[in-house]
Amino acid sequence: MSELDKIFEKYIKEEGLGQIYTGDNEHVRRIYQDFNDAILFQLEEKPKLPRPSLYVTSLSSDFSAFVFREQGNYFIGISIGAIESLFNFFQFLYSQPYFDTGFGDSSKETETLLDLSLKPDYFLDYFYNYDLAVKPKCPIRNSYSYQLFYKAINYLLLHEYAHITHGHLDYLARGKKNFLYYENDTIRPVNADKEKALEYDADAAASVYSIFESTGHLLFGGAMLNEHNLNIEIKKSNLAVY
């Protein structure tokens, strides 16, 4: 275990956020690679930006994402529960015949009725607390659900990265020990204006990062940069972020 691993593991254990995820997971491997590529893309434009260490935590039934600074190093964490629930969510969406009917062959799909008696706290609870995993039958829709999932995860991580690069973390952590910027499900009334401003700013920055990355993919990834392909990339980003 590296020194950075030890710092991260010690910190999240103290915060009750599990431990470093060590499972063999295709999504985790791809997420690490995509995020690393996104950060390198940003550093080419602004080489003085901090380069954080990304870790996946072991919490499987919790949607958590957070950033913190320790011993001069920046860290971003996301739970395996957040990853798997978002994957199941996009698989579910494109397995439904009424969703995005113009893409692929939606007639191959079968509607899945949600069990509303479960009354989850949040809609995404269906996808990790109740094992609601449905795969699109149309190969095109199935492939598209993967693309949107990875875009959504990367946007979430770029949102966390913006809390670092835009100074939110350092601003909130000033004078405090062991401060962790944790994404809350709701804005607390006592700091509503401040929290909204920081979240909106991080959203805007993540959107800009994502657009740069998408257009960069068209320019340098082998696809042609034209109106049709650009519209597809914009659609993917809109669906992923929404």
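Values in this document were obtained by computation on a predicted structure and should not be read as measured data. (Residues numbered from 1 in each chain as written. Predicted model: local features only at pLDDT ≥ 70, side-chain atom pairs only at ≥ 80, totals over all residues. Heavy atoms only, no water.)

J.: Just give me the short version of the overall build of the chain, but keep the residues and values in it.
T.: For the chain, the helix and strand inventory stands at seven helices and four strands. Going from N to C terminus, the chain has its helices and strands arranged as α-α-β-β-β-α-α-α-β-α-α. A total of 242 residues make up the chain; the buried ones form 45% of that total. When contacts within the chain are restricted to residue pairs at least 6 apart in sequence, long-range pairs at least 24 apart make up 66% of them. (Helix = DSSP H or I, 4+ residues; strand = E, 2+ residues; numbered from the N terminus. Buried < 20%, exposed > 50% of the residue type's maximum accessible area, 1.4 Å probe, protein only. Contact = heavy atoms within 4.5 Å.)

J.: Explain the packing of aromatic side chains residue by residue, including any values.
T.: One pass over the structure, following the stated rule, counts 17 aromatic pairs. Centre to centre, the rings of Tyr94 and Phe99 are 5.1 Å apart; their planes meet at 90°, and the pair counts as edge-to-face. These aromatic residues form a ring-pair network of at least three members: Phe8, Tyr11, Tyr55, Phe66, Phe68 and Phe75. Over the aromatic face of Tyr150 sits the side chain of Arg30, whose NZ or CZ is 4.1 Å from the ring centroid. (Phe/Tyr/Trp six-rings, centres within 6.5 Å; stacked < 30°, edge-to-face > 60°. Lys NZ or Arg CZ within 6 Å of the ring centre and 35° of its normal.)

J.: Now, about the packing of helix H2 (residues 26-45) against helix H4 (residues 139-165): what can you tell me, with residues and values included?
T.: Taken N-terminus to C-terminus, the directions of H2 and H4 make an angle of 50°; their axes are 10 Å apart at the nearest point. Put simply, H2 runs oblique to H4. Once H2 is placed against H4, the crossing between them reads as right-handed. The segment H2 lies against H4, with Glu26, His27, Arg30, Ile31, Asp34, Phe35, Ala38, Ile39, Gln42 and Leu43 engaging Tyr146, Phe149, Tyr150, Ile153, Asn154, Leu157, Leu158 and Tyr161. Class assignment of the residues belonging to the contact of H2 with H4 gives a composition of 12 nonpolar, three polar and three charged. (Axes fitted to C-alpha atoms, helices over the stretch in contact; angles between N-to-C directions. Parallel < 35°, antiparallel > 145°, perpendicular 65-115°, else oblique. Left-handed = near helix turned anticlockwise from the far one by under 90°. Nonpolar A, V, L, I, M, F, W, Y, C, P; charged D, E, K, R; others polar.)

J.: Outline the pattern of salt bridges, supporting the account with residue identities and numerical values.
T.: Per the counting criterion, the structure on display carries seven salt bridges. Two residues, Lys6 and Glu3, come together in a salt bridge whose shortest N-O distance is 3.5 Å. Here the residue Lys6 and the residue Glu3 both occupy positions in helix H1 (residues 3-14), the gap between them amounting to three residues, near one helical turn. Owing to a relative accessible area of 41%, Lys6 belongs among the partly exposed residues under this scheme. With relative accessibility at 56%, the residue Glu3 sits in the exposed group. The salt bridge partner of Glu109 is Arg141, with a shortest N-O separation of 3.5 Å. Residue Glu109 is found in the loop between helix H3 (80-94) and H4, and its partner Arg141 is found in helix H4; the two are separated by 32 residues along the sequence. For Glu109, a relative accessible area of 7% translates into the label buried. Looking at Arg141, the relative accessible area reads 0%, which means it is buried. (Salt bridge = Lys/Arg side-chain N within 4 Å of Asp/Glu carboxyl O.)

J.: So, the pairing of strand S3 (residues 73-79): which residues are in play, and what are the values?
T.: Within a regular strand, side chains alternate between the sheet's two faces. Taken across its seven residues, S3 has six buried, putting it largely inside the fold. Pairing analysis gives five bridges linking strand S1 (residues 53-57) to S3, with the strands arranged parallel. By the bridge assignment for S3, Tyr55 is matched with Gly77. Relative to S3, strand S2 (residues 65-70) is paired through six bridges, and the arrangement is antiparallel. When the sheet's bridge partners are listed, Glu70 is paired in S3 with Asn73. Here S2 hands over to S3 after two residues, with Gln71 in that stretch at a positive phi of 55°. (Pairing = 2+ DSSP bridges.)

J.: How would you explain the pairing of S1 if you had to name every residue and give the values?
T.: Taken across its five residues, S1 has five buried, putting it largely inside the fold. Neither face of S1 is left uncovered, since the one carrying Ser53, Tyr55 and Thr57 and the one carrying Leu54 and Val56 both have all their residues buried.

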